[in-house]
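What the coordinates show
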Amino acid sequence: AALAEALEGALQRDEFTVLYQPIVELATRRVVAVEALLRWHSPLHGDVSPGRFIPVAERSGDIVAIGQWVLEQACRQAVAWRAAGIDLTVTVNVSPRQLQEPSLARDVLGALDRTGLPAINLVVEVTESAMVNEAVEIAALRTIRAAGVRIAIDDFGTGYSSLQYLTRLPVDILKIDRSFVAQLDGTAEGSAIAEAIVRLAQILRLTTVAEGIEEEMQARELINLGSQRGQGFLFSRPVPADRIPELAADVT
Ligand code: G
Ligand code: G
Ligand code: MN
Ligand code: NA
């Protein structure tokens, strides 16, 4: 309960920051996108991980306002990078609760409008577990996607009915969950699931982003499997916005 109380008003008290983690093209290591990741510093509880406070904010409903704030921050930041000659896509996590808000599509398109970010530079990440009332979520995602925003399924493969949703959801990108990347060990068994996801994506003409890449061997295996993009500590941890320009500078 203490955490929930501390969360109340945290947005107004300016206790949140957004970090950005590079997403690279695996073949060249060029940074092509960044994922916006929320951080909370509570005067009372110190640094609290999103894994702890996001479920609390989901239950209280605070995630709706917080999520909108992250979205606007990320869009504004992407506009600033573009003005500095750095053309990056920014990806933003949208929680199950946000997906059920009737205003979601309007809020996302409003953020683009207010910040001036082209829709093509925004990706919205949703998880399979967010599909509570399917029709509602699918309608919102369709509207957002029709405007040119791309949709990614986060933690792909960990949901309980991944394959069913794939044919119904408007989707552009599959993010291969880090648990499958961790299994890559050079054996056929170790790569089985990542390989299956990449094949599926190829057939459906979707882009894959492999998450949680920590070792060179994993990056090599993923390239061999045909995954175009990757993200993980091997390339960079989540960093403050002002570190992104140096990371995005041409590596060639
Ligand atoms: O950044 P970290 O790996 O600690 O994130 C832990 C979890 O919190 C991840 O599942 C991530 O998707 C989620 N998360 C991080 N930032 C946001 C955000 O802005 N909104 C939502 N809904 N989830 C986020
Ligand atoms: O659920 P989601 O994929 O949005 O979670 C993103 C989280 O994953 C971020 O909080 C980030 O800190 C974490 N993360 C990013 N790269 C790595 C990695 O290489 N290894 C591990 N263990 N976590 C990572
Ligand atoms: Mn994510
Ligand atoms: Na993920």
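Below you will find a few notes about this structure. All values derive from a computational prediction rather than experimental measurement. (Residues numbered from 1 in each chain as written. Chains lettered and ligands numbered in written order. Predicted model: local features only at pLDDT ≥ 70, side-chain atom pairs only at ≥ 80, totals over all residues.)

Digging into the overall build of the protein
- Regarding its fold elements, the protein presents eleven helices and nine strands.
- Expressed along its principal axes, the backbone C-alpha trace of the protein runs to roughly 50 × 40 × 35 Å.
- The buried share of the protein, reckoned over its 252 residues, is 38%. (Helix = DSSP H or I, 4+ residues; strand = E, 2+ residues; numbered from the N terminus. Buried ≥ 20, exposed ≤ 12 C-beta atoms within 10 Å, placed from the backbone.)

Focus on the packing of helix H3 (residues 62-83) against helix H5 (residues 104-115)
- Closest axis-to-axis distance for the H3/H5 pair is 9 Å, and the angle between their directions is 35°. Once H3 is placed against H5, the crossing between them reads as right-handed. Every residue of H5 that contacts H3 at Gln-68, Leu-71, Glu-72, Cys-75, Arg-76 and Val-79 is listed here: Asp-107, Val-108, Ala-111, Leu-112, Arg-114 and Thr-115.
- Per-class residue counts for the contact of H3 with H5 are six nonpolar, two polar and four charged. (Axes fitted to C-alpha atoms, helices over the stretch in contact; angles between N-to-C directions. Left-handed = near helix turned anticlockwise from the far one by under 90°. Contact = placed C-beta atoms within 7 Å. Nonpolar A, V, L, I, M, F, W, Y, C, P; charged D, E, K, R; others polar.)

Side note on the site of ligand 1
- Around ligand 1, the neighbouring residues are Leu-37, Leu-38, Ser-49, Pro-50, Gly-51, Ile-54, Gly-67, Val-70, Asn-93 and Ser-95.
- Those elements giving two or more residues to the shell around ligand 1 turn out to be strand S2 (30-42), helix H2 (50-60) and H3.
- Grouping the amino acids of the shell around ligand 1 by side-chain chemistry returns five nonpolar, five polar and no charged. (Near = placed C-beta within 6 Å.)

Digging into H2
- Buried within H2 we find Phe-53, Ile-54 and Ala-57. Projected onto a plane normal to the axis of H2, the buried residues spread over an arc of 105° and lie on a single side. Set apart from the buried face of H2 by more than 90 degrees, the exposed residues are Gly-51, Arg-52 and Arg-59.
- Buried residues belonging to H2 abut helix H1 (2-7), S2, strand S3 (46-48) and H3. (Arc of directions from axis to C-beta.)

Regarding unusual backbone geometry
- The backbone of Asp-14 shows a phi angle near 65°, a positive value even though the residue is not glycine.
- The exposure class assigned to Asp-14 is exposed, which follows from the 8 C-beta atoms found within 10 Å.
- One non-glycine residue, Arg-29, adopts positive backbone phi at about 65°.
- A residue is classified by how many C-beta atoms lie within 10 Å of it, and Arg-29, with 14 of them, is partly exposed.

Quick word on the nonpolar core
- Of all hydrophobic cores here, the largest spans 65 residues; its most connected members are Cys-75, Val-90, Val-124, Ile-176 and Ala-194.
- Looking at this core element by element, the count peaks at seven residues for H3.
- For Cys-75, the contacting residues outside a window of four places in its chain are Val-90, Ala-111, Leu-112, Thr-115, Leu-117 and Leu-122. (Core = buried A, V, L, I, M, F, W, Y, C linked by C-beta atoms within 7 Å.)

So, helix H6 (residues 135-146)
- In this model H6 runs 16 Å from its N-terminal to its C-terminal C-alpha over twelve residues, within 8% of the 16 Å that 1.5 Å per residue would give.
- The set of residues buried in H6 consists of Glu-137, Ala-140, Leu-141 and Ile-144. Seen end-on, H6 carries its buried residues on one side only, within an arc spanning 95°. Away from the buried face of H6 by more than 90 degrees, exposed residues Ala-135 and Ala-146 are located. (Expected span 1.5 Å × (residues − 1).)

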